[in-house]
Structure formats: C-alpha cells, structure tokens
Amino acid sequence: MIFTNARLIFPDGIRDALDVVVEHGKIAAIPERSLAHRKHEVIDLNGNYLAPGFIDVHVHGALDRDTMEASAEAFRAVCDFHASGGTTSLLLTTATAPVDAIIKVLEAVRDCRPMISAIAGVHVEGPFISKAKAGAQCTEFIQDPSPAAVRQLLEHADVLKRVTIAPELPEALEAIEAFRAGGISVSCGHSDAWDEDARAAFDRGMRSVTHTFNCMSSARPRGIYRVAGLLEFALSESDISCELIADGHHVSPTLMKMLYRAKGPRGICLVTDATAGAGLPEGSPFALFGKNCIVENGVCILADRSALAGSAARMIDLIRMMLHEVSVPLNEAIAMATENPARAIGLETKGRLIVGADADFVVLSPRLDVVQTFGGGELLWSH
Ligand SMILES: [Zn+2]
C-alpha cells in the first residue's frame, strides 16, 4: 500500500513529494513520488500532513475508564479515545495503589497486548513517591521501594516499561539500579529531591523526569544557601528528557517556554497524563484512585478543588498548545510526541518515518485536526 499526496513531517522539517510504501505493517520505502510502484493500493491523503503516530508515555484513562480497572474493555476504551487524538502507542499508567493491584494491571496488559496494538506497556507511577509531592495520588498507599516490592514488579519486566520514583526515598537508588538493569526506563517525579538526590539517581541511570514542574521540588534555601531541586537538575542536564503536560492548565506558557529554551526540541516528551475524565462533557463527575473528581474548564480536578487530577487532553491538543503558546515549529512539536518518547522508553521501531519502522501514522489536516490514525498500516480511527 502507498500513502501518497501527503506532506511528511520529519524531526528536521516537512517534505513534500515523497510517498510512503507500506508492506506487512512496516514502512518498506519512502521514494520520490514519481518513482513509487503503482502496483500497490494507493491511499491519497489529499495534501494533508502525515506524521508518525503519537506516543504517550503517561496515560491513566479516558471516557470514565481507568487503567486500574485492569480489564480489556477499559484498555480498549482508553486506546480508542486517544487514537482520536493521534496516539498509536501508549503506556497505560497505574496510580499509587497496593503493589498487588498494580501487578493485576501488569498481568491484564500482558493478556491484552496481542489484541490491542496501541498498548506499548505500563508506566508504574507510584507507590514509590514522596508524600509531600503526592498531588492527587492516594497518600495511604505510598511506600518505600523495598527490594521485595521491586522484585515483584521486575517479574513483569516484559510489560513494565517505565517507573516514576522519588530518588530521595530509602532504598530508591538500589531500586533505580535494579529497574535499569531490567531494561526499564526510570523517571524521577512526585519528588521532593535535593540536587544531590537527583544527581545520585542520574548516576544510576535515571534519564527522565515525570510531568516537569508538577509535583516536583525546585530551588529552595538550605540553611543560608540556595540549592537546586529536581526541576533545576533536569533543566541543567542535557541527557534528561522531560515529560510535559502541555494542556494549557498544568503548566503556564512562560514555564513551557523556559523548558523549551533549556531542553531544546529533543529534550521534551509531551504527555497527556489524561485521566478518566478525558472525553467526558464539562461538569462530569468521575472517580480517580477512589477520589471524587470533576471535569471543569477543560481539565480534571479533585471535587474539593484542592488539586489538579490529570488532564482531559489528547496528544493533538498538546501539539496545538506548543505551537500557539510556545511558538515551537510543527516538526519539533511532532518530534516531542513521537521520536522523543520512543527514545525515552526504547521503542526502536516506532515514532519515526524511516524504512523498517512500524507503519503507525497520524494524518493531520492543515488546521491540525486529526483526520485518520493508522497502526501497523491498519486504520485505527477516522474522522
Ligand atoms: Zn500521572
């Protein structure tokens, strides 16, 4: 099959006059348009953009369904909703909960992954986090990363792709080493770390931070000195990739611009951190980690309005926000939703328009509406 008449978005720019040839679910060639073999089925994209499908490494839910339900129906609803925002791969993200409940999710994901192509694995966010930076997470289930708990999770290293951990907790550094040895991406977050805690985590292989600015320590006095927190450590260290919830609510435009100046186009991973409220009408109540929440002004908040409770956004919404509020070029914003997250979690065949990559695509109109989403060359969602 040949995707033709599209504007291809690469990390370094947009190119016209190229076709994308797909065979057996993978990109087989990207020839000049006139050279493409016409023996294939032709999909005319009418001058729209073609980009790699978006990769969201931090998704809890959508449409009143949550990863913690650990069921195929919930996973499918979440993946289908986010496909409408251009996402073709995502990490189903767990909440702070007893380890047994998290294991149930990991087992369910292993069972469902063959049927739901968008599931790239699981991001375990909590329970190894700071009570002081819990945000909307349930503090009663927060625990230290004991070797026993870490071992339990590592038994599921085939589906566990990313862990959020606060590096200042007892035994956190040993846990980070163990997760890295298991091939798992370690992201520091929900953390009250000092500069040196972050450095120690970095030395053990941490290369990401979770929802930068949100639930994260920043520079503060220690005695008479001013010392960096996790935020400044992440901004200053070029090898760290920074998750950003660019929904226009979690982080103000000035902070987003500051992050872009500090990290450049390769250092940011756009994440929705979408919860079960995503896709529900304004004013809808929903439950998150057992807490009552509501969708208000386009974002999810606790019903008592004491904290944000994840976003109601899709990936395309974040890309538009980066264009309009941060003045990032389209190709760079797309890279923040494709190649950068693929690199962060080691997805070698996704997030890129190159020969051999999976044929996961999003088709965008000139106004950046999602027209179609493809996974492995198959239509996942159509406008
Ligand atoms: Zn989250």
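Residues numbered from 1 in each chain as written. Predicted model: local features only at pLDDT ≥ 70, side-chain atom pairs only at ≥ 80, totals over all residues. Heavy atoms only, no water.

> Which residues make up the environment of Leu302, and what values go with them?
Secondary-structure assignment places Leu302 in strand β22 (residues 299–302). Linking Leu302 and Ala287, residues 15 residues apart in sequence, is a C-alpha distance of 9.1 Å. Leaving out residues up to four positions away in the same chain, Leu302 has contacts with Ala136, Lys291, Asn292, Cys293, Ile294, Ala307 and Ala309. (Helix = DSSP H or I, 4+ residues; strand = E, 2+ residues; numbered from the N terminus. Contact = heavy atoms within 4.5 Å.)

> Any chance you could break down the state of the cysteines for me, citing the residues and the numbers?
Applying the stated criterion across every chain yields a total of zero disulfides. Free of any disulfide, Cys242 has its nearest neighbouring cysteine sulfur in Cys269, separated by 8.5 Å. (Disulfide = S-S within 2.5 Å.)

> Any chance you could break down the nonpolar core for me, citing the residues and the numbers?
In this structure, Phe179, Leu270 and Met322 are the most contacted members of the largest nonpolar core, which totals 82 residues. It is helix α2 (residues 99–112) that provides the largest number of residues to this core, a total of eight residues. The two domains that each donate at least three residues to this core are domain 1 (2–50 + 366–382) and domain 2 (51–350). Formed by 17 residues, the second largest nonpolar core is a distinct cluster that contains Ala6, Leu18, Leu50 and Leu353. (Core = buried A, V, L, I, M, F, W, Y, C linked by side-chain atoms within 4.5 Å. Buried < 20%, exposed > 50% of the residue type's maximum accessible area, 1.4 Å probe, protein only. Domains from an automatic or database assignment.)

> With reference to specific residues and values, describe the coordination of the zinc ion.
Protein coordination of the zinc ion is provided by His58 (NE2), His60 (NE2), Glu125 (OE) and Asp273 (OD), with donor distances spanning 2.0 to 2.4 Å. Classification of the site at the zinc ion rests on its four donor atoms, whose angles at the metal span 82 to 165°, yielding the label irregular. Mapping the donors of the zinc ion onto the primary sequence gives the spacing H-x1-H-x64-E-x147-D. Here His58 is found in strand β8 (residues 54–59), whereas its partner Asp273 is found in the loop between β19 (268–270) and β20 (285–288), with 215 residues between them in sequence. Grouping residues by exposure puts His58 and Asp273 together as buried. (Donors = N, O, S within 2.8 Å, 3.2 Å for Na, K, Ca; no water. Tetrahedral: all angles 85-135°; square planar, octahedral: opposite > 155°, others 65-115°.)

> So what about the domain arrangement of the protein? Which residues, and what values?
Segmenting the protein into domains produces domain 1 (2–50 + 366–382) and domain 2 (51–350). A separation of 30 Å is found between the C-alpha centroids of domain 1 and domain 2. Between domain 1 and domain 2, the residue contacts involve 16 residues of the former and 18 residues of the latter. Note on domain 1 versus domain 2: buried area summed over both sides is about 1,300 Å², and carbon and sulfur give 68% of it. Among the residues of domain 1 in contact with domain 2, Ile9, Pro11 and Leu368 are the three that bury the most area, contributing 42% of the side total. Between the two partners, domain 1 and domain 2, sit one salt bridge. Salt-bridge contacts for Arg320 lead to Asp369; the nearest nitrogen and oxygen are separated by 3.1 Å. The tally of links from domain 1 across to domain 2 stands at four residue pairs in polar contact (both at pLDDT 80 or more). Where the side of domain 1 that touches domain 2 is concerned, the elements lending two or more residues are β2 (7–10), β3 (13–15), β7 (49–52), β25 (370–375) and β26 (378–382). Here the side of domain 1 that touches domain 2 gets three residues from one element, more than from any other, and that element is β25. (Buried area = accessible area lost by both parts, 1.4 Å probe. Salt bridge = Lys/Arg side-chain N within 4 Å of Asp/Glu carboxyl O. Polar contact = N/O pair within 3.5 Å; in protein donor to acceptor, adjacent residues only side chain to side chain.)

> With reference to specific residues and values, describe the packing of helix α3 (residues 147–154) against helix α4 (residues 172–181).
At a minimum axis separation of 10 Å, α3 and α4 run at an interaxial angle of 15°. Looking at the two axes, α3 sits roughly parallel to α4. In the packing of α3 onto α4, the handedness of the crossing is right-handed. Mapping the contact onto sequence places Val150, Leu153 and Leu154 in α3 and Ala175, Ala178 and Phe179 in α4. Partitioning the contact of α3 with α4 into residue classes produces six nonpolar, no polar and no charged. (Axes fitted to C-alpha atoms, helices over the stretch in contact; angles between N-to-C directions. Parallel < 35°, antiparallel > 145°, perpendicular 65-115°, else oblique. Left-handed = near helix turned anticlockwise from the far one by under 90°. Nonpolar A, V, L, I, M, F, W, Y, C, P; charged D, E, K, R; others polar.)

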